[in-house]
Amino acid sequence: MLYSLLRPLLFSLNPETAHRITLNAIESAHQFKALHGHPIDCKRRNIMGLDFPNPVGLAAGLDKNGEHIKALAAFGFGFIEIGTVTPRPQPGNPKPRLFRIPQANAMINRLGFNNYGVDKLVENVKHANYQGILGINIGKNFDTPMEKSCDDYLVCLRKIYYYASYVVVNISSPNTPNLRQLQNTEELDHLLNTLKLEQTKLADKYGKYTPLVVKIAPDLETTQITSIAILLIKHKIDGIIATNSTLSRNSVEHLPHSSETGGLSGAPLTKLATTVICQLHGVLQGAVPIIGVGGIMCATDTKEKIDAGASLVQIYTGLIYRGPKLVREAVDAICK
Ligand SMILES: Cc1cc2nc3c(=O)[nH]c(=O)nc-3n(C[C@H](O)[C@H](O)[C@H](O)COP(=O)(O)O)c2cc1C
């Protein structure tokens, strides 16, 4: 209700300013105890060895530095994912780099992993002392050569391993040059092998097993999806997130901002992401849990992700268009 009143005001601002103002307002509301929700009730489910209070999570990218973990959790999410974080701080792409397409309930972003670096994120996570399920999404710095990408993921993995409930290996952002090449079989085989070995060492060191999850793009051929699924099984990866934003502009070509470079998210992505989940599920058959994300704007979209084979779902753009009531709607769609 409150969000429907505020939305026209927020949408009159440029999207990045609106984003900052909203997060600060949510943070203040939380500090002053005006916002203190708990995860919305649902039958608990154990996935990747983690006990999820409900299956609806916040997708990566909204809280890149982990500055608002508890305030965002107060919307009732069953889990929160922060990041993408890179080893070193980086400013991201020049502004403007975030665009709304309200006629299509969509957004285009080319933020380019703007973040304060992994050390600052770890500090924020420690300070938050959040007891719920926290995913930390990791990536590479834009200026790290592709052949050294593995090192960036390793640096992040080592620094966050102890603090994360699960770690997401983001190889699917369209805004870091060539990042998506890491989805190719040879590159991915090497990356997953390296990270899995490190996970084993870190599990020993800390006496704690932190699941490794891979996040993929929606713009993949069926054969690539199959190859990725086979690699996940081969390397005993704990989960997969499908999908990141899309390079496609189908159904929005005629609308203002549609020709901006970047990843398209929201309603135009719904069916594409669901199709990828379906294809993954066809190969994985439950061997690796799928976290479904992409264009969840209502209860039906949520249900379709679960019916396609997702065990958990995440939301980003839907939250911008529908506000926090979408979280309850999504939980109810799955749990009632
Ligand atoms: C502004 C913006 C920033 C994003 N940043 C990240 C990011 O840093 N890392 C990541 O893995 N995904 C990022 N995403 C992708 C989302 O996590 C999600 O996969 C995608 O937007 C599809 O879901 P949606 O349609 O619910 O937004 C971002 C999305 C948006 C809109």
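Right, let's walk through the structure included here. (Residues numbered from 1 in each chain as written. Predicted model: local features only at pLDDT ≥ 70, side-chain atom pairs only at ≥ 80, totals over all residues.)

With that out of the way, let us pick up the overall build of the protein chain. For the protein chain, the count of helices and strands is 11 helices and 13 strands. Against the 2.2 N^0.38 benchmark of 20 Å for 336 residues, the protein chain shows a C-alpha radius of gyration of 18 Å, consistent with a compact globule. Within the span of the protein chain, comprising 336 residues, buried residues form 47% of the whole. (Helix = DSSP H or I, 4+ residues; strand = E, 2+ residues; numbered from the N terminus. Rg over C-alpha atoms; globule rule 2.2 N^0.38 Å. Buried ≥ 20, exposed ≤ 12 C-beta atoms within 10 Å, placed from the backbone.)

Let's shift gears to the environment of S311. Mapped onto the elements of the fold, S311 is located in the loop between α9 (299–308) and β13 (312–315). Once residues lying within four places of it in the same chain are set aside, the contact partners of S311 are I47, P55, P289 and I290. (Contact = placed C-beta atoms within 7 Å.)

Here the focus is the packing of helix α7 (residues 222–234) against helix α8 (residues 270–284). Helix-helix packing: each pair is described by the crossing angle between the helix axes and the interaxial distance. Look at α7 against α8: their axes get within 9 Å of each other, and the N-to-C directions meet at 45°. Taken as axis vectors, α7 and α8 run oblique relative to one another. Helix-helix and strand crossings are classified by hand; for α7 and α8 the assignment is right-handed. Contact with α7, carried on its side by T222, I225, T226 and A229, involves V276, Q279, L280, V283 and L284 of α8 and no other residues of that element. (Axes fitted to C-alpha atoms, helices over the stretch in contact; angles between N-to-C directions. Parallel < 35°, antiparallel > 145°, perpendicular 65-115°, else oblique. Left-handed = near helix turned anticlockwise from the far one by under 90°.)

Between α8 and α9, the shortest axis-to-axis distance is 8 Å and the interhelical angle comes to 20°. On the basis of their axis angle, the class for α8 and α9 is roughly parallel. When the axes of α8 and α9 are compared, the crossing they make is right-handed. Here α8 contributes T270, T274, I277, C278 and H281 to the contact with α9, which in turn contributes D301, E304, K305 and A308. Partitioning the contact of α8 with α9 into residue classes produces three nonpolar, three polar and three charged. (Nonpolar A, V, L, I, M, F, W, Y, C, P; charged D, E, K, R; others polar.)

Right, let's get into the sheet that holds strand β9 (residues 212–216). Around the barrel, which closes on itself, the eight strands sit in the order β3-β4-β7-β8-β9-β10-β12-β13 with parallel pairing between neighbours. Neighbour-to-neighbour, the strand axes of this sheet turn through a mean angle of 25°, independent of strand direction. (Pairing = 2+ DSSP bridges.)

Moving on: the sheet that holds strand β6 (residues 106–109). Taken in spatial order, the three strands make up an open sheet running β5-β6-β11, and their pairing is antiparallel. Only two strands of the sheet have a single partner each, and these edge strands are β5 (98–101) and β11 (263–266). On average, each strand axis in the sheet is inclined to that of its neighbour by 25°, with strand direction left out of account. Relative to β6, β5 runs antiparallel, the two being bridged by four bridges. Bridging across to β6, R100 finds its partner in M107.

Shape is all these values report; function is a separate question.
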